[in-house]
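Residue-level structural notes
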Amino acid sequence: DTAVSQTPKYLVTQMGNDKSIKCEQNLGHDTMYWYKQDSKKFLKIMFSYNNKELIINETVPNRFSPKSPDKAHLNLHINSLELGDSAVYFCASSQGRAEGEQYFGPGTRLTVT
Amino acid sequence: DQQVKQNSPSLSVQEGRISILNCDYTNSMFDYFLWYKKYPAEGPTFLISISSIKDKNEDGRFTVFLNKSAKHLSLHIVPSQPGDSAVYFCAAIPRWGADGLTFGKGTHLIIQP
């Protein structure tokens, strides 16, 4: 039983394309997140979202947009992909702030050519 | 600017000995500190945490120490086992504000037989 799942696991696409990464959690959590791990291995928060509020990291380009069809899903949509978007993207969830204890998905490796 | 720093990219320890991983932070607003463990091609998994009002938290072979005055925390693993070989991320979250974790760059722990 996978707690936080992401699809696809690998995504290779060309510059300028639009793509989406899906995330689902079956933990009943009310808060979900997207993180980006870049080539230097830094893991950085992109978004946090619950049914009340979307908080966007100010450094995230507006080409990135999270979409939540329901409480169990937070998809990441990326427009006009650029080479610098190549990274591993992790989805995570928690029940409220949970003192920082978050459950992560396995990651999606995005390669933009 | 890195608010959470792990200055050792890698650490090699003999099986059965103690592993000590270090982390420094700069943001005085951080309220909880966490350690996450990550295997290749998987998402980070929560290991242990400590509140800013404590100086030690222990869970089995894992102990986290917090020195608030020095803005320093460490993770001790004793005895170290081969399965402990992984990348360890130090992370922090403030009491108020955005729910996302701020991560260090990680330390690759290698347990040698």
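Here the residue numbers are simple positions, counted from 1 along each chain's written sequence. Chains carry letters from A onward and ligands carry numbers from 1 onward, assigned in written order. Thresholds applied to this predicted model are a pLDDT of at least 70 for local features of residues and 80 or more for the giving and counting of side-chain atom pairs; totals over whole chains, interfaces and linings are not thresholded and use all residues. To get the side-chain values, take all heavy atoms of the structure and skip hydrogens and water.

Time to look at the state of the cysteines. Cysteine sulfur atoms are paired as a disulfide whenever they come within 2.5 Å of each other. All told, the structure shown has 2 disulfides over all chains when counted by the stated rule. The disulfide partner of A:C23 is A:C91, and the S-S distance across this bridge is 1.8 Å. The sign of the S-S torsion, about -75°, decides the handedness of the disulfide formed by A:C23 and A:C91: left-handed. Of this pair, A:C23 sits in strand β3 (residues 19–25) while A:C91 is found in strand β9 (residues 87–94), placing the two residues 68 residues apart along the sequence. Neither A:C23 nor A:C91 differs from the other in exposure class; each is buried. In this model B:C23 forms its disulfide with B:C90; the gap between the sulfur atoms is 2.0 Å. Judged by the torsion about the S-S bond (-75°), the B:C23/B:C90 disulfide is left-handed. Of this pair, B:C23 sits in strand β3 (residues 19–25) while B:C90 is found in strand β9 (residues 86–94), placing the two residues 67 residues apart along the sequence. B:C90 carries the same exposure label as B:C23, and that label is buried. Numbering of helices and strands runs from the N terminus, with a helix taken as a DSSP run of H or I at least four residues long and a strand as a DSSP run of E at least two residues long. Relative accessibility decides the category of a residue: with a 1.4 Å probe and only protein chains considered, values under 20% of the type maximum give buried, values over 50% give exposed, and everything between is partly exposed.

Residues and elements named next belong to chain B. Relative to the elements of secondary structure, T63 occurs in strand β7 (residues 62–67). As for T63 and P79, which are separated by 16 residues in sequence, their C-alpha atoms are 11 Å apart. Not counting the four nearest positions on each side in its chain, T63 is found in contact with I48, K56, N57, E58, S74, L75 and H76. Any two residues having at least one pair of non-hydrogen atoms within 4.5 Å are treated as being in contact.

Here a Phe, Tyr or Trp ring, Trp counted by its six-membered ring, pairs with any other such ring whose centre lies within 6.5 Å, and the pair is stacked when the planes are under 30 degrees apart, edge-to-face when over 60, and tilted otherwise. Applying the stated rule across the entire model yields 12 aromatic pairs over all chains. Each ring, one from A:Y35 and one from A:F104, has its centre 5.2 Å from the other, and the planes form 45°; the classification is tilted. Here A:Y35 is found in strand β4 (residues 31–37), whereas its partner A:F104 is found in strand β10 (residues 103–104), with 69 residues between them in sequence. There is no split in this pair, since A:Y35 and A:F104 are both buried. Between the aromatic rings of A:F104 and B:Y36, the centroid separation amounts to 5.6 Å while the plane-to-plane angle is 80°, which identifies the pairing as edge-to-face. Remark: B:Y36 occurs in strand β4 (residues 30–38) and A:F104 occurs in strand β10; the pair is interchain, linking two chains. Judged by its relative accessible area of 11%, A:F104 falls in the buried class. Since its relative accessible area comes to 0%, B:Y36 is described here as buried. Grouped by ring-pair contacts, the aromatic residues A:Y33, A:Y35, A:F104, B:Y36, B:F46, B:F89 and B:F103 constitute a single cluster.

Nothing here speaks to function; it is all geometry.
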